Amino acid sequence: MDLKVTTLAGKDAGKLKLSDAIFGLDPREDILHRVVRWQLAKRQQGTHKTKGRAEIARTGAKMYRQKGTGRARHSSARVPQFRGGGKAHGPVVRSHAHELPKKVRALGLKHALSAKAKADDIIVIDELALADGKTKALVENFAKLGLDNALMVGGAEIDAGFKRAAANIPNIDVLPIQGINVYDILRRGKLVLSKAAVEALEERFK
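Only a predicted model underlies this, so the values are computations on that prediction, with no experimental measurement involved. (Residues numbered from 1 in each chain as written. Predicted model: local features only at pLDDT ≥ 70, side-chain atom pairs only at ≥ 80, totals over all residues. Heavy atoms only, no water.)

S.K.: Would you mind showing me how to read the environment of Lys62 here?
M.R.: Here Lys62 lies in the loop between helix H2 (29-43) and helix H3 (102-118). Each C-alpha atom of the pair Lys62 and Asn168 lies 63 Å from the other, and the pair is 106 residues apart in sequence. Setting aside residues up to four positions removed in sequence, Lys62 forms contacts with His74 and Ser75. A polar atom in the side chain of Lys62 sits 3.1 Å from the backbone oxygen of His74. (Helix = DSSP H or I, 4+ residues; strand = E, 2+ residues; numbered from the N terminus. Contact = heavy atoms within 4.5 Å. Polar contact = N/O pair within 3.5 Å; in protein donor to acceptor, adjacent residues only side chain to side chain.)

Shown next as structure tokens:
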């Protein structure tokens, strides 16, 4: 598919042919769901923790004699049924990450890119660079392009001025091509790719 290339100022900069093997697939929600779930599970801290009966600091002496009291027989005051006792089957520190095959991850990225292409939510810009690094100038450029919620993906190195200017704008994310991922693509309205990013993607999936 052919896509119009623009400059950051909104001027025409020619056309670029996008690979149908990357941007022309029929998006599958099940694959996108699997990859997003894998990403978010990997990010989860899993540091929630409660104390079990073995971790409670309380006397180990028998609470009262076994027989003759008319009450139920109890030994430890650390058990869950008593106030101040341990928690039964409480959460423990663990990793929530699970495995996902490399081929599914790669396919998920292609389907996310294809979903944006199908919805006409991809914009290709010749270069993500800003000389003065001023947020005001970048906001004006984004207004010309109609961008208020977008993921900007540049080449291997992001221009320092552009990165600094975009840091203060809400709902705008900036990533180098190495950091492109399914979750960030889907959570933003528009996907803005530099020509270098498109070339890197096509080289990656060659």
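S.K.: Is there a simple way to explain the layout of surface pockets in this structure?
M.R.: The probe, sized like a water molecule, is rolled over the atoms to show the empty space still left. Taken as a whole, the largest pocket spans an internal volume of roughly 300 Å³. In this structure, the largest pocket is lined by 13 residues; those nearest its centre are Trp38, Arg105, Ala106, Ile180 and Arg204. Here the residues of the lining of the largest pocket are counted per class, giving 7 nonpolar, 2 polar and 4 charged. (1 Å grid on protein atoms, 1.4 Å probe; cavity = no way out; pocket = protein on both sides within 12 Å on 5 of 7 lines; lining within 4 Å. Points joined across faces, edges and corners; volume = space filled by probe spheres on them. Nonpolar A, V, L, I, M, F, W, Y, C, P; charged D, E, K, R; others polar.)

S.K.: Even after reading the chapter, I still don't get the pairing of strand E6 (residues 190-194), so can you show me in this structure?
M.R.: Regular strands have side chains that alternate between both faces of the sheet. Burial analysis of E6 places 4 of its 5 residues in the buried class, which makes it a mostly covered element. Judged from the 4 bridges that link them, strand E3 (residues 122-125) and E6 form a sheet pairing that is parallel. Paired with Val124 across the bridge in E6 is Leu193. Here strand E4 (residues 150-153) pairs with E6 via 4 bridges, running parallel. Residue pairing in the sheet places Met152 in a bridge with Val192 of E6. (Buried < 20%, exposed > 50% of the residue type's maximum accessible area, 1.4 Å probe, protein only. Pairing = 2+ DSSP bridges.)

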